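Chain by chain, the residues run as shown.
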Number of protein chains: 2
Amino acid sequence: MALIGKLVVCGVGLIGGSFALALREKVDRITGIGRSKESLERARALGVIDDIAPDWASALDGADFVLLSMPVGQTDAIMEAMSPHLQSHTVVTDAGSTKHNVLYSIHSHLVGHLPRVVPAHPIAGTEKSGVQAASAMLFQGKRTVITPLPENDPAAVELVRNAWQACGASVVEMSPQDHDRVFAAVSHLPHLLSFGLVHELAGRANAELLFSHAASGFRDFTRIAASHPEMWRDICLANRQALLGELDQYLGELALIRSLLLSGNGPRLEQIFEEARQARAKWGEGQAVNGG
Amino acid sequence: MALIGKLVVCGVGLIGGSFALALREKVDRITGIGRSKESLERARALGVIDDIAPDWASALDGADFVLLSMPVGQTDAIMEAMSPHLQSHTVVTDAGSTKHNVLYSIHSHLVGHLPRVVPAHPIAGTEKSGVQAASAMLFQGKRTVITPLPENDPAAVELVRNAWQACGASVVEMSPQDHDRVFAAVSHLPHLLSFGLVHELAGRANAELLFSHAASGFRDFTRIAASHPEMWRDICLANRQALLGELDQYLGELALIRSLLLSGNGPRLEQIFEEARQARAKWGEGQAVNGG
């Protein structure tokens, strides 16, 4: 028996497309919906989805499971559009990188459906975007965070958990508050810092000279600066409060490092580098063990 | 005929060891010297060097070519120690990541030898360190920057150039001033930022929770935070002036981004991310073409 009868994916890009591909054999039928007809056509041509819904009434007709995987800034408008057409048995989840804005939209538009709306966030992705970058293996060995609502029906949480596990992900639960703080620190801030460095250098008169001498350290530090601008705009705005807190703590660290540079304090600089190196090396070993 | 008769490598770690391995077949004899007897013994056991010099008098006796590849903070003391024993035909070069401090030490201790001291900087490395990480292929397809002195004998510059080309590197020339500014921007600053992020997170009460959710973006952004602390302390101190200038320009960029976050200015944030993405993607394509 199929895990899901009719799966609806809203926003068939890297994440939505990879989810569809990973569940291909465990789902009866996959319907795509989204604002770009062109990318939906591409997804159908690639066999990622079976058909394209022209509107939410048609998409939600008989839908068993809906994954919202468009940029998080669209969540509110989309939940509002879905609301009148949602059938009582349909389980809804999302793949948004921030959670408190998703909660807000759920409470604004889907209050009648709380038992079956289960917010989630797959911790996977590359700097590439679009359905052409999708892969059935994207979530293999990765983690998906579920931030269940107190009102959730345990069976709906279980289905969302099973779907992500079927994609190869391990599933953990967190509160939406913890989620947003943790990912502001380990994901959103590094993206902001990397975008900022490349943007600052690219705007200089000698940018070409600078880039021509950049090597592997620069390459890795700035890989995430090639990420999807709209997606990251939405994440930064949605998680603004936690991100500003993280940025300010980091600016405090940079102020310390700046003062050590200014005073030529070699021993303290070396101590900071040594503590960072040890923490990073320890983390890297854990990753290797977990295959992450 | 061998490219070099007796090669002396001071500091047989990742860079010095890789240089020795790459030139193995083109050199008659390789002598190591350095402060750690243990790592010199390891280098000899691995076949990277043929013998270990107990002091500079013995190392420089009959030496044709000297590569200084210890952390740059030791340059001054080592040039002072070399000075009384340097034979007139010996060509000296270094692998330091900063150049104005090397120039300063050359003019302090090796003024009688200016025609044959050719400062250089191979743009290669990994976050790993030590001779056990050395590889004959490390410089293959990479770049070495030479910053010749006005007093240099063209034949000495040519020999340094040939040695690096024999390691597989392409060689470019720059002024020491340009060198230090360019690498402050594209290498030293990113290292500082990456060390700073990991250090700041590692010091928190919930560090373990944070690290447990870090994924591939964090992995790449922080790879260089596992770099050699002493080497990077020395680089930061030696290139302090240029690095402070770069840090301050970057802090200006972060102040801009912070104000856009604070005011929720989505369009301007997206524009910054888009410009960064385009510059990074263009750079990445150039790298792929150049195999860098």
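Residues numbered from 1 in each chain as written. Chains lettered and ligands numbered in written order. Predicted model: local features only at pLDDT ≥ 70, side-chain atom pairs only at ≥ 80, totals over all residues.

*Asks:* Looking at this structure, how should I read the overall build of chain A?
*Replies:* Within chain A, the regular secondary structure consists of 12 helices and nine strands. The C-alpha radius of gyration of chain A comes to 21 Å, within 12% of the 19 Å expected for a compact globule of 292 residues. Here the C-alpha coordinates of chain A stretch approximately 70 × 40 × 35 Å along the principal axes. Of all 292 residues assigned to chain A, the portion counted as buried reaches 55%. When contacts within chain A are restricted to residue pairs at least 6 apart in sequence, those whose partners lie at least 24 apart make up 76%. (Helix = DSSP H or I, 4+ residues; strand = E, 2+ residues; numbered from the N terminus. Rg over C-alpha atoms; globule rule 2.2 N^0.38 Å. Buried ≥ 20, exposed ≤ 12 C-beta atoms within 10 Å, placed from the backbone. Contact = placed C-beta atoms within 7 Å.)

*Asks:* What exactly am I supposed to notice about the interface of chain A and chain B here?
*Replies:* Interface size is often expressed as the accessible area that is lost when the parts come together. The interface of chain A with chain B comprises 71 residues on the first partner and 71 residues on the second. Of all the elements, helix α7 (residues 176–202) of chain A adds the most residues to the side of chain A that touches chain B, at 18 residues. Of the residues in the side of chain A that touches chain B, the class split is 43 nonpolar, 14 polar and 14 charged. (Nonpolar A, V, L, I, M, F, W, Y, C, P; charged D, E, K, R; others polar.)

*Asks:* Got a minute to help me understand the relation of the copies chain A and chain B in this structure?
*Replies:* For the pair of chain copies, the relating operation is a rotation around an axis with a shift along it. In the superposition of chain A on chain B (RMSD 0.0 Å, axial shift 0.0 Å), the rotation amounts to 180 degrees. In the structure described here, the two chain copies are related by an operation that fits a two-fold rotation axis. Scanning chain A for the C-alpha nearest the rotation axis identifies A:Phe221, at a separation of 2.1 Å. (Least-squares fit on C-alpha atoms with pLDDT ≥ 70 in both.)

*Asks:* Honestly, the pairing of strand β1 (residues 4–10) of chain B in this entry has me stumped. Any pointers?
*Replies:* Two faces, one strand: in a regular strand the side chains alternate between the faces of the sheet. Residues and elements named next belong to chain B. Along β1, six of the seven residues are buried, which leaves the element largely enclosed by surrounding structure. As judged from the six bridges shared by β1 and strand β2 (residues 27–33), these two strands associate in the parallel manner. The residue of β2 that forms the bridge with Leu7 is Ile30. Considered for its hand, the β-α-β crossover made up of β1, helix α1 (residues 14–23) and β2 is right-handed. Judged from the four bridges that link them, β1 and strand β4 (residues 65–68) form a sheet pairing that is parallel. The partner of Leu7 across the bridge, within β4, is Phe65. (Pairing = 2+ DSSP bridges. Right-handed = clockwise from strand over helix to strand, strands pointing away.)

*Asks:* What is the right way to look at the sheet that holds strand β4 (residues 65–68) of chain A in this model?
*Replies:* Across a sheet, paired strands are connected by hydrogen bonds in the backbone, their directions being either parallel or antiparallel. Residues and elements named next belong to chain A. Reading across the sheet, the six strands line up as β3-β2-β1-β4-β5-β6 and stay open at both edges, with parallel pairing between neighbours. Two strands lie at the open edges of the sheet, namely β3 (51–52) and β6 (117–118), each paired on one side alone. Running at roughly 50 degrees to strand β5 (residues 91–94), helix α6 (residues 154–166) makes contact with β1 (4–10), β4, β5 and β6 of the sheet. (Axes fitted to C-alpha atoms, helices over the stretch in contact; angles between N-to-C directions.)

*Asks:* Hey, could you run me through the domain arrangement of chain A in this one?
*Replies:* Residue and element names in this part refer to chain A. In terms of domain boundaries, chain A breaks down into domain 1 (4–174) and domain 2 (178–290). Once you take the C-alpha centre of each, domain 1 and domain 2 turn out to be 30 Å apart. The interface is formed by 14 residues belonging to domain 1 together with 16 residues belonging to domain 2. Considered class by class, the residues forming the side of domain 1 that touches domain 2 number four nonpolar, eight polar and two charged. (Domains from an automatic or database assignment.)

*Asks:* Help me out: how do you make sense of the nonpolar core in this one?
*Replies:* As a rule of thumb, nonpolar side chains are buried together in soluble globular proteins. Of all hydrophobic cores here, the largest spans 136 residues; its most connected members are B:Val8, B:Val9, B:Cys10, B:Ala20 and B:Leu23. In contact with B:Leu23, not counting residues within four places along its chain, are B:Leu3, B:Ile4, B:Leu7, B:Ala163, B:Ala166 and B:Cys167. Ranked by size, the runner-up nonpolar core spans 57 residues in total, among them A:Leu7, A:Ala22, A:Val92 and A:Cys167. (Core = buried A, V, L, I, M, F, W, Y, C linked by C-beta atoms within 7 Å.)

*Asks:* Which parts of the structure should I look at to understand the packing of helix α11 (residues 240–262) of chain A against helix α11 (residues 240–262) of chain B?
*Replies:* Geometrically, a packed helix pair is captured by the angle between its two axes and the distance between the axes. Running from N to C, α11(A) and α11(B) point in directions that differ by 165 degrees, and their axes come no closer than 11 Å. For the element pair α11(A) / α11(B), the angle class is roughly antiparallel. Regarding α11(A) and α11(B), the two cross each other, and that crossing is left-handed. Touching A:Arg240, A:Leu243, A:Leu244, A:Leu247, A:Leu251, A:Leu254, A:Arg258, A:Leu261 and A:Leu262 of α11(A) are B:Arg240, B:Leu243, B:Leu244, B:Leu247, B:Leu251, B:Leu254, B:Arg258, B:Leu261 and B:Leu262, all from α11(B). (Parallel < 35°, antiparallel > 145°, perpendicular 65-115°, else oblique. Left-handed = near helix turned anticlockwise from the far one by under 90°.)

*Asks:* Help me understand the sheet that holds strand β6 (residues 117–118) of chain B, please; the structure alone is not making it clear to me.
*Replies:* Residues and elements named next belong to chain B. In spatial order, the strands read β3-β2-β1-β4-β5-β6; together these six strands make up an open sheet with parallel pairing. Looking at strand neighbours, the two that pair on one side only are β3 (51–52) and β6, the edges of this open sheet. Bridge count between β2 and β3: two bridges; the pairing is parallel. When the sheet's bridge partners are listed, Thr31 is paired in β3 with Asp51. Strand contacts of α1: β1, β2 and β4, with the helix running at about 165 degrees to β1, the strand carrying the most contacts. Packing of helix α6 (residues 154–166) onto the sheet brings it into contact with β1, β4, β5 (91–94) and β6, and relative to β5 it is tilted by some 50 degrees.

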